[in-house]
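Listed here are the chains, written in short residue letters.
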Amino acid sequence: MLNRYNQIENKFGIKQKHRAGKDELVSDMAIKACQKILENFNPMDVDLVVYCGSEHKDYYLMNMAAKIQYVIGAKNANSFEIHSLYSAGVISLQILKNIMLSNSDINNVLLVSSSKETSLINYKNERSRFMFNFGDGAVAVLLQKGYSKNIILETHMITDGSFADDVAVYNIGNNIVDFKLTNDGPIMLDVKDPQAMKERLDPITLDNFISVITKSIEKSGYTVEDIDFIAPIFMERSILLNILEQFNLTEENSFVLEDYGHCQSADAFISIVEGRRLNRIKDGDLVVMLGAGTGYTWAATTIKWSEYDEVS
């Protein structure tokens, strides 16, 4: 089985991926990310804490956002969660921008994603092989009304609900079906029919990625020629290069998450951090954050990475 596992990782171009400690909880990673972003910001000034990470949390049916809000000491903040699987981080930016602009008392929002979905993967189950690239990790973002840099512009998304039942943990929930499971553990992600899903998904994926990028840019008042950087979800290098080529961009205008793996909705944020570190994102650049989640949803949000006088 190890050889098969290595083949999958080679296919995706992964050099390494991070795994949380055995006793490290999803909330532990989320809280660490929040504390880091709040090192120079008083948590008492946070108005809203929003969790957009994995639905595989410390416990089944728990309020992760509320736990984070309590532990980090954001006593004046309310909290809630946004779930759209691996597209949630990208979509949340638009939702929270609108909430902030329509509420005078919400000025500082902490958005956090965390995932430990490596513990949901059974590497002996061939049906779940497309998830062998999963890694663990967390990110936190502080959104501030009136901040003069890194302006959230517009989002576009496409949903195809025909994929809604294709990937799930089938042995938990209120519709446990007679589905032949090969999982060793009590709960594991699985795929009903990988080949059928691939045959339906492959013909539309590239076009949908291109469409959400294009429409997000156009809704933001720009053209695709203005794109400077695409911050992607984890994907095969060949797919990413194909997307970049459609917009006359190269790998220098993006970041391959080959040292991280697929960290759920944190991916695009990690891509931005690495893009900044490598000086691939500069002041004045137009950045498109890209996400996609099983279910199936494709999404893009445009960010203006520069000094700007508009409200974000």
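Note that the structure is predicted; figures quoted are calculated from it, not measured.

(A) Local environment of the side chain of Asp190. Topologically, Asp190 is positioned in strand E7 (residues 190-191). A distance of 3.0 Å separates the side chain of Asp190 from the side chain of Asn125, its partner in a polar contact. At a separation of 2.7 Å, a polar atom in the side chain of Asp190 contacts the side chain of Arg127.

(B) Here's a closer look at a nonpolar patch on the surface. Taken together, the side chains of Tyr60, Leu61 and Ile172 present a nonpolar region at the surface, about 360 Å² in accessible area. For Ile172, a relative accessible area of 34% gives the class partly exposed.

(C) Representation of the side chain of Asn208 in the model. Tracing the backbone through its elements, the reader meets Asn208 in helix H5 (residues 194-219). Ignoring sequence-local partners within four residues, the contact set of Asn208 consists of Ile158 and Trp298.

(D) The arrangement of the sheet that holds strand E5 (residues 151-159) in detail. Taken in spatial order, the 4 strands make up an open sheet running E5-E10-E9-E8, and their pairing is mixed. Only two strands of the sheet have a single neighbouring strand rather than two, namely E5 and strand E8 (229-231). The mean angle between the axes of side-by-side strands here comes to 20°, regardless of whether they run parallel or antiparallel. Relative to strand E9 (residues 285-293), E8 runs parallel, the two being bridged by 3 bridges. Among the inter-strand pairings, Ile230 is bridged to a residue of E9, identified as Val288. Contacts from helix H4 (residues 88-102) reach E5, E9 and strand E10 (297-305), with the element oriented near 125° to E5.

(E) Structural context of the pattern of salt bridges. As enumerated under the stated definition, the model contains 12 salt bridges in all. The salt bridge involving Glu24 is made with Lys32; its shortest N-O contact spans 3.1 Å. With a closest N to O distance of 2.7 Å, Lys198 and Asp202 form a salt bridge. Taken together, the positions of Lys198 and Asp202, both in helix H5 and 4 residues apart, correspond to about one turn of that helix. Salt bridges linked by common partners bring Arg237, Glu251 and Glu258 together as one network.

(F) A look at helix H3 (residues 64-71). When H3 is considered as a whole, its buried residues turn out to be Met64, Ala65, Ile68 and Gln69. Down the axis of H3, the sector holding all buried residues measures 135°, keeping them to one side. Buried-residue contacts for H3 involve helix H2 (26-37), strand E1 (48-51), strand E2 (78-81) and strand E3 (108-115). You can read the cap of H3 off the contacts: a side-chain oxygen lies 3.3 Å from the backbone nitrogen of Ala65, and it is on Asn63.

(G) Spotlight on unusual backbone geometry. With an omega dihedral of 10°, the bond running from Gly295 to Tyr296 counts as a cis peptide bond. As for its placement among the helices and strands, Tyr296 is situated in the loop between E9 and E10. Its identity as a non-glycine residue notwithstanding, Leu61 has a phi of 60°, on the positive side. The exposure class of Leu61 is exposed, given its relative accessible area of 74%. Even without being a glycine, Asn248 presents a positive backbone phi close to 55°. Structurally, the position occupied by Asn248 is in the loop between helix H6 (237-246) and helix H7 (267-277).

(H) How the structure looks around the packing of aromatic side chains. Within this structure, the stated rule accounts for 4 aromatic pairs. Judged by centre distance (4.8 Å) and plane angle (35°), the rings of Tyr296 and Trp298 are tilted. The residues Tyr296 and Trp298 share a single accessibility class, namely buried. Clustering of aromatic rings is evident, with ring pairs tying together Phe163, Tyr296 and Trp298.

(I) Up close: the nonpolar core. Core analysis: the largest hydrophobic core is formed by 38 residues, its most contacted members being Leu189, Ile213, Ile230 and Leu290. Contributing elements (two or more residues each) for this core: E5, H5, H6, E9 and E10. Counting residues per element, this core draws most heavily on H5, which supplies 7 residues. Contact partners of Ile213, with chain neighbours within four places excluded, come to Ile227, Ile230, Ile243, Phe247, Val288, Leu290 and Ala300. If you look at the next biggest cluster of nonpolar residues, it comprises 34 residues, including Val90, Leu93, Val287 and Ala299.

(J) View of the environment of Asp283. Examined against the element boundaries, Asp283 turns out to sit in the loop between H7 and E9. Through-space distance from the C-alpha of Asp283 to that of Asn150 is 8.8 Å; in sequence the pair is 133 residues apart. Residues within four places of Asp283 in sequence aside, it is in contact with Lys149, Trp305 and Ser306.

About the criteria used
- Residues numbered from 1 in each chain as written.
- Predicted model: local features only at pLDDT ≥ 70, side-chain atom pairs only at ≥ 80, totals over all residues.
- Heavy atoms only, no water.
- Helix = DSSP H or I, 4+ residues; strand = E, 2+ residues; numbered from the N terminus.
- Polar contact = N/O pair within 3.5 Å; in protein donor to acceptor, adjacent residues only side chain to side chain.
- Patch = residues over 30% accessible without salt bridge, like charges linked within 9 Å, V, L, I, M, F, W, Y side chains within 5 Å.
- Areas by Shrake-Rupley, 256 points an atom, 1.4 Å probe, with all protein chains shown as cover.
- Salt bridge = Lys/Arg side-chain N within 4 Å of Asp/Glu carboxyl O.
- Buried < 20%, exposed > 50% of the residue type's maximum accessible area, 1.4 Å probe, protein only.
- Contact = heavy atoms within 4.5 Å.
- Pairing = 2+ DSSP bridges.
- Axes fitted to C-alpha atoms, helices over the stretch in contact; angles between N-to-C directions.
- Arc of directions from axis to C-beta.
- Phe/Tyr/Trp six-rings, centres within 6.5 Å; stacked < 30°, edge-to-face > 60°.
- Core = buried A, V, L, I, M, F, W, Y, C linked by side-chain atoms within 4.5 Å.

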